[in-house]
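Listed below, chain by chain, are the residues.
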Amino acid sequence: MIKHREIFFTRYERFWHWSQALLITCLIITGFHVTGLLDWLDYERAARWHRTLAFSLIWLWIFTIFWHLITGEWRQYIPTMEKMIEVIHYYSRGIFNPNLSHPFKKTRRLKHNPLQRVAYLVLNALISPVLWISGLLFVYYKEWPKMGIPSEWLSVVAGIHVSMAYAMICFFILHFYMAFVSDPPMALIRTMITGYLEVDDVELDLDREYRLLVVEDDPLFAMLVKEWFDGDADGKEDKMLPKKITVSLVENLQQALEILPRVSFDWILLDLSLPDSDGLNTFRAVKSKAADTPILMMADRENEEMQSRGIHEGAQDFLIKHNLSRRMLARAFRFALERHWFFQRR
Amino acid sequence: MVRAINWRLVGFFLCLLPGCIVGFVGGASGEGRVDIPISTTKHRMLSALAGPFQSGREVTRACLSCHTEAAAMVRKDIHWTWEFTDTTSGKVFGKKHVLNAFCGSTVSNFRECTTCHPGFGWQDPEDRQDADDKVDCLVCHEQTGGYKKYNYGYSELRYKDKILKKPDYAALAQSVGRPSRANCGFCHFRGGSGDGAKHGDLDSSLTHPDRFLDVHMNASGLDFGCIICHTSNGHRITGSRYRMKAQDSLGIDRPGKTDHTRASCASCHGNTPHPGNFKLDDHVNRVACQTCHIPVMARGGVETMVHWDWRTAGKKTGNTDVPDILRQEGHIAEKLNFKHTSTHGTSIWAENLTPRYAWFNGRVDYVGPGDKLPDGDSVQLNHIHGEARDPDSRIWPFKRMWAVMPYDSVNRHLVANHLLKSDVDDREAFEVSGDWQRSVRVGMAAAGVPFSGEVGFVKAVMNFPLTHMVAPKELSLTCKDCHRNGGRMDGVEGIYMPGRKNNPLLHVIGRGFVVLTVSGTLMHATMRVILRRRRRK
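What you see is a predicted model, and the numbers here were worked out from it, not measured in a lab.

Draft legend 1. Region of interest: the domain arrangement of chain B. All names here are of chain B. One can read the domain layout of chain B as domain 1 (43-82 + 117-198 + 201-236) and domain 2 (304-350 + 353-482). Here the C-alpha centroids of domain 1 and domain 2 sit 28 Å apart. Surface buried jointly by domain 1 and domain 2 totals about 1500 Å² across both partners, of which 58% is contributed by carbon and sulfur atoms. Three residues, Lys198, Asp201 and Arg211, lead the burial of domain 1 against domain 2; their summed loss comes to 32% of the area buried on that side. Inspection of the domain 1/domain 2 interface yields one salt bridge. Here arginine 211 ties to glutamate 474 by a salt bridge, and the two come within 2.8 Å at their closest N and O atoms. Split by residue class, the side of domain 1 that touches domain 2 holds eight nonpolar, six polar and seven charged.

Here's what the structure looks like:
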């Protein structure tokens, strides 16, 4: 099978990941000294290092949160139930069968499977903040009277910190193990180092379910498209299209922008003139939320300038509504898929 | 051009040079030594002190001819009254009333004990000694170093009514000055039966200490006298052990913001004494300065007593076994020095001892001769108050002195024993009779407490908070002395201390989760390897 390499983790992400891994490892070791479980190092040195490393990690996180906000990559961590059951099923059963592959196909835009999203959310929203807050309270123990915290709570704060440290260790072990649960085992590690992921160069798979988003304010036309394509292809005798297509309908741009981050589609059929948006701006707004999805623009009449500008900016097609037939639209979908797949492969 | 600039620079540095020299020399001379104020009076030139004097009381009268209020002031101080009224409980403590783990009580051994009273001829404990000229100025103020006191506080050696030896009063009187370490040490270094016996942090090595022994009293450095910290106002000397301040939250003392004593570290060093190390300052609200800065006691080459077994008194030979209690709750050293006399029983001495640590808020209760003993086989002669929850408590270092002491086994009272004879004809004293019943009966009569006639022995402990012999900072405790399992703070409970396993259950649960996670992944991995291989086939 032919494979191609695709950039998956940017230089910053890799720097962040590995420096964080190093910091957390050292924090665990020095932390065990502070809590009295280890005594390889001098207590004073361990305690001082623990403090320094913790502040370094916090600084790293400040930069990283900034990076996520700026790049929009924070969306990678929004939890979803989509394919959750399949992924759990895969890790508990399917993984033992070499003939089955992971139900979640990573893309640059959707890097984490639903289980990963939940795991990282627990890490980022629970374990890490609790560790920092309890740790900072611990460091600034002297300021407690000013904050109105009774000093007897030191043992409680320390207990919370230690509990969360154990949670962090469990996460760390699982995370470490999962890094090798790939085929071949070193593939994920290599990706995290080089940033590139080996992606299978597969034929267009028409057997799986495809999703079409129709953004159209005319209910009649929208229903017509749904009637044409929604459901199994059986009886429609059409080899051109996938066996199963699910059609989702939205009426305006705002709805489209809401659904796009949450669900991944294989096509978007986009009417350019909507109640809340018009012309190429409609296309640009949708494109910004769905950079990797083929978008087919529709208009009521010919407009050569808009047509060429749209294609130039990355649209797959420009269709005139009143000319459309089912066959034409089916062909447009198929060609869009092929073109998109071709460019992706490159 | 370059040359011109260079000359200017050279000139600049030449101008700085004299300043550097002055600064260097100034800095080198005596580490900011505290100079005793220069007196406006040369006492040897005063006609009132020219002498000759026939007695100590005559000297005192001469002193009072100028220092008119001095005697009246001294007679109010605890050094004179040997009484201390505890304001919280209303109980009266003080040397005259409490028992200690050494010879027991003062009232039953008055002749010998009053050697350390700053008066002349105190024979009856009930005598209030109202005469001003009975105050002994010399014992605290003479600077010849040759002054001695004898039984009942007399300055002359007497046999019955005859005076055998008399000091040169005029020379003593003309030497007077502010009290030196030797003046205070005349009594305070020797308490409890000999040099260093009692406190563990006070002995004759502090007369001329080096920097290693005490960084403040260092005779070739700061050279602090006792009175630098134990400040006084109108002869009322501050810093008594009967009512201590375990913490001085007021911080640095200055006029207008003062607790009227400098007998606390914070009085000079404040409550953030570690510039550049905020974590050390974090300890201040829980740990006394003494805990880290007095790492070892009895460091000056003088042994202190750690155990006194009275059961062997009256016998020719003493114990040579190390008592279990010393191993468990007392002080242990490589070299324990056993001393035995048939009159005093067996005592154990040692130096360079690790202190014991406990919460302490400054309040101390004492058991007197008439107090009923609690159940159990040991008694705390002075009960140290304090606990982790109390914001005024600090972790303090203590010397623990254990004794096996006589007690009234029927009434369960500690007893005042008449150990030392009160005159040459005394036949009842234990050192003469060797008979506990007889000596205790006399002692209890002196203390005014009923006695059943039965004498048993009980284990008793006395706690002495340590605060002297402050080591230079490079010798103070390091973090790991306490912050580890089995460190110095073992036994100090009620506080979270990093570095020792604080919450064992939490670690059991935490470790459980880690073990579950590891075994889960190992199981998963094994299944993957085996099942995938099988299916591939």
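Still more to cover.
Draft legend 2. Spotlight on a negative patch on the surface. Residues and elements named next belong to chain A. Judged by side-chain charge, Asp217, Asp218, Glu251 and Asp276 come together as a negatively charged surface patch. Mapped onto the fold, aspartate 276 is located in the loop between β6 (267-271) and α10 (280-289). The class of aspartate 276 is partly exposed, set by a relative accessible area of 38%.

Draft legend 3. The pattern of salt bridges, seen in detail. Under the criterion given, the structure shown has 29 salt bridges over all chains. Here aspartate 42 of chain A and lysine 480 of chain B are joined by a salt bridge, their closest N and O atoms 3.4 Å apart. Of the two residues, aspartate 42 of chain A sits in the loop between α1 (11-34) and α2 (43-71) while lysine 480 of chain B sits in helix α16 (residues 479-482), which places them in two different chains. Looking at aspartate 42 of chain A, the relative accessible area reads 28%, which means it is partly exposed. Between arginine 208 of chain A and aspartate 266 of chain A there is a salt bridge whose closest N-O contact spans 3.1 Å. Here arginine 208 of chain A is found in the loop between β2 (196-200) and β3 (209-215), whereas its partner aspartate 266 of chain A is found in the loop between α9 (253-259) and β6, with 58 residues between them in sequence. Under the relative-accessibility criterion, arginine 208 of chain A is labelled partly exposed at 39%. Exposure remark for aspartate 266 of chain A: the relative accessible area of 14% places this residue in the buried category. Residues participating in the shared-partner salt-bridge network are Glu216, Asp271, Asp300 and Lys321 of chain A.

Draft legend 4. The arrangement of the packing of aromatic side chains in detail. Taken as a whole, this structure holds 32 aromatic pairs over all chains when the rule is applied. With centroids separated by 5.3 Å and ring planes inclined at 65 degrees, the aromatic side chains of phenylalanine 176 of chain A and phenylalanine 180 of chain A adopt a geometry described as edge-to-face. Judged by relative accessible area, which is 54%, phenylalanine 176 of chain A ranks as exposed. Three or more aromatic residues link up through ring pairs in this structure, and these residues are Phe102, Trp308, Trp310, Phe430, Trp436, Phe457 and Phe464 of chain B. Lying over the aromatic face of phenylalanine 221 of chain A, lysine 321 of chain A brings its terminal NZ or CZ to 5.6 Å of the ring centre.

Draft legend 5. Geometry of the domain arrangement of chain A. Residue and element names in this part refer to chain A. Looking at chain A, the domain boundaries give domain 1 (3-200) and domain 2 (209-345). One C-alpha centre belongs to domain 1, the other to domain 2; they are set 39 Å apart. Each partner contributes residues to the interface: domain 1 has six residues there, and domain 2 has 11 residues. In this structure, the connection of domain 1 to domain 2 is made through zero salt bridges. For the pair domain 1 and domain 2, the number of links is zero residue pairs in polar contact (both at pLDDT 80 or more). Looking at the side of domain 1 that touches domain 2 residue by residue, the class counts come to one nonpolar, one polar and four charged.

Draft legend 6. A look at a nonpolar patch on the surface. Together, Phe55, Trp59, Ile62, Phe63, Leu136 and Tyr140 of chain A together with Phe278 of chain B give the surface a local cluster of nonpolar side chains, amounting to about 690 Å² of exposed area. Broken down by element, the residue count for the nonpolar patch peaks at four residues, all from α2 of chain A. With respect to the secondary-structure elements, tryptophan 59 of chain A resides in helix α2. For tryptophan 59 of chain A, a relative accessible area of 54% translates into the label exposed.

Parameters at a glance
The numbering scheme is per chain: residues are counted from 1 as the chain's sequence reads. Labels are handed out in written order, letters beginning with A for the chains and numbers beginning with 1 for the ligands. The model is predicted, so local features are restricted to residues of pLDDT at least 70 and side-chain atom pairs to those at 80 or more, both for listing and for counting; the totals for chains, interfaces and linings are taken over all residues. Side-chain metrics rest on all non-hydrogen atoms present in the structure, leaving aside hydrogens and water. The domain boundaries here were taken from an automatic or database domain assignment. Defined here as a combined quantity, buried area equals the accessible surface (1.4 Å probe) lost by two parts on assembly, summed across both. A carboxyl oxygen of Asp or Glu within 4 Å of a side-chain nitrogen of Lys or Arg is what we treat as a salt bridge. The classification used treats Ala, Val, Leu, Ile, Met, Phe, Trp, Tyr, Cys and Pro as nonpolar, Asp, Glu, Lys and Arg as charged, and all other residues, Gly among them, as polar. Surface patches are defined over residues having more than 30% relative accessible area and no salt bridge, joining like charges when they lie within 9 Å and nonpolar side chains (Val, Leu, Ile, Met, Phe, Trp, Tyr) when within 5 Å. The accessible surface values rely on the Shrake-Rupley method and a 1.4 Å probe; as for residues, cover is taken only from the protein chains in view. When charges are tallied, Lys and Arg are placed among the positive residues and Asp and Glu among the negative ones, while His and the ends of the chain are skipped. Each charge is placed at NZ for Lys, CZ for Arg, CG for Asp and CD for Glu. Only DSSP runs of H or I with at least four residues qualify as helices, and only runs of E with at least two residues qualify as strands; both kinds are numbered from the N terminus onward. Accessibility here uses a 1.4 Å probe with only protein chains present; expressed as a share of the type maximum, an area under 20% marks a residue as buried, one over 50% as exposed, and anything in between as partly exposed. Ring pairs are drawn from Phe, Tyr and Trp, using the six-membered ring of Trp, whenever the two centres fall within 6.5 Å, and their geometry is named by plane angle: stacked under 30 degrees, edge-to-face over 60, tilted for the rest. In this scheme, the term charge over a ring applies when either NZ of a lysine or CZ of an arginine sits within 6 Å of the ring centre and within 35 degrees of the ring normal. Throughout, a residue-residue contact means that at least one pair of heavy atoms, one from each residue, lies within 4.5 Å. We call two N or O atoms a polar contact when they sit within 3.5 Å, provided that within protein one can donate a hydrogen and the other can accept it, with sequence-adjacent residues counted only if both atoms are side-chain atoms.

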